[in-house]
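# Analysis of the macromolecular model
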Amino acid sequence: NAGVTQTPKFRILKIGQSMTLQCTQDMNHNYMYWYRQDPGMGLKLIYYSVGAGITDKGEVPNGYNVSRSTTEDFPLRLELAAPSQTSVYFCASGENTEAFFGQGTRLTVV
Amino acid sequence: KQEVTQIPAALSVPEGENLVLNCSFTDSAIYNLQWFRQDPGKGLTSLLLIQSSQREQTSGRLNASLDKSSGRSTLYIAASQPGDSATYLCAVRPQRGSWGKLQFGAGTQVVVTP
């Protein structure tokens, strides 16, 4: 019973590099989300998806892109990484009632 | 715009004392409210979910109340233990058309000393 799985757990990027954060869920949820958490702050929504092929921006989408080709997967792409993207990234899935979170990816941009 | 606030930001109590954690939100038009626990370096674990029509929800030593009209929820943890040390986050889910998006508070960091 894996739930929501995120990879990698940790990553250090140089400024200007790109990477993809992977997120997979095995609960057949339609809704998936990407949040970031900065120190001492609550989670902020980056992008979300209500089903395969449908994505939309959240509160802080700049510098990120997403795709949703299957129900299970919702990767988050960082293009041209910047120090301001240093954060912990959480993927979540759910329906309209409850959300389930992955363990997070700690990203440092130097 | 919905604002979610958690006060205090940090709390330290001796073991055995009851914990009271507060969450307030500015827009009372919510679908439900969810309390999470976050351990250092870990993800979020759901503790309790309260629907907008409910006044409280209980699970073991945890009890969460909701007063939607005043925009408040309180999480009570009875007889605290060192293992309760963690950050507790509350999040509200807006009504209608929100696609289940959660709006989070910044959390209350709790330390329970033996």
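Residues numbered from 1 in each chain as written. Chains lettered and ligands numbered in written order. Predicted model: local features only at pLDDT ≥ 70, side-chain atom pairs only at ≥ 80, totals over all residues. Heavy atoms only, no water.

## Re the environment of Thr74(B)
Looking at where Thr74(B) falls in the secondary structure, it is placed in strand 8 (residues 72-77). If we skip the residues at most four places from it in the chain, Thr74(B) touches Val20(B), Leu21(B), Asn22(B), Trp35(B), Asn63(B), Ala64(B) and Ser65(B). (Helix = DSSP H or I, 4+ residues; strand = E, 2+ residues; numbered from the N terminus. Contact = heavy atoms within 4.5 Å.)

## Quick word on the state of the cysteines
A complete count under the given rule lists two disulfides over all chains for this structure. There is a disulfide in this structure between Cys23(A) and Cys91(A), and the S-S distance comes to 1.8 Å. Here Cys23(A) and Cys91(A) share a disulfide; its torsion about the S-S bond, -70°, makes the bridge left-handed. With Cys23(A) in strand 3 (residues 19-25) and Cys91(A) in strand 9 (residues 87-94), this pair connects stretches of sequence that are 68 residues apart. Each member of the pair Cys23(A) and Cys91(A) is classed as buried. Bridging Cys23(B) to Cys90(B), the disulfide has an S-S length of 2.0 Å. For the disulfide bridge between Cys23(B) and Cys90(B), the dihedral angle about the S-S bond is near 75°, and by the sign convention the bridge is right-handed. (Disulfide = S-S within 2.5 Å. Buried < 20%, exposed > 50% of the residue type's maximum accessible area, 1.4 Å probe, protein only.)

## Quick look at the interface of chain B and chain A
The partner chain A presents 21 residues to the 24 residues of chain B that form the contact. A buried area of about 1800 Å², summed over both sides, lies between chain B and chain A, and 53% of it is on carbon and sulfur atoms. The salt bridge involving Lys1(B) is made with Glu59(A); its shortest N-O contact spans 3.6 Å. Here chain B and chain A share two residue pairs in polar contact (both at pLDDT 80 or more) between them. Contributing elements (two or more residues each) for the side of chain B that touches chain A: strand 4 (30-38), strand 5 (44-51), strand 9 (86-94) and strand 10 (103-104) of chain B. Sort the elements by how many residues they give to the side of chain B that touches chain A and strand 4 of chain B lands first, with five residues. (Buried area = accessible area lost by both parts, 1.4 Å probe. Salt bridge = Lys/Arg side-chain N within 4 Å of Asp/Glu carboxyl O. Polar contact = N/O pair within 3.5 Å; in protein donor to acceptor, adjacent residues only side chain to side chain.)

## Details of the sheet that holds strand 7 (residues 62-67) of chain B
Residues and elements named next belong to chain B. The strand order across the open sheet formed by five strands is 1-3-8-7-6, and the pairing between neighbours is antiparallel. The sheet terminates laterally at strand 1 (4-7) and strand 6 (56-59), the two strands that pair on one side only. The mean angle between the axes of side-by-side strands here comes to 15°, regardless of whether they run parallel or antiparallel. Relative to strand 3 (residues 19-25), strand 1 is paired through four bridges, and the arrangement is antiparallel. In the strand pairing of strand 3, Thr5 is matched with Ser24. (Pairing = 2+ DSSP bridges. Axes fitted to C-alpha atoms, helices over the stretch in contact; angles between N-to-C directions.)

## A few points about the pattern of salt bridges
Oppositely charged side chains can form a pair if their charged atoms are brought close together. Residues and elements named next belong to chain B. Considering all chains together, one arrives at five salt bridges over all chains under this definition. When the shortest N-O distance is used, the salt bridge between Asp39 and Arg37 registers 2.9 Å. By relative accessible area, which is 18% here, Arg37 ends up buried.

## A few points about the pairing of strand 6 of chain B
Residues and elements named next belong to chain B. Both strand 6 and strand 7 contribute to a ladder of four bridges, which runs antiparallel. Paired with Gln57 across the bridge in strand 7 is Ala64. Hairpin connection of strand 6 to strand 7: two residues between the antiparallel strands, including Gly60 at a positive phi of 60°.

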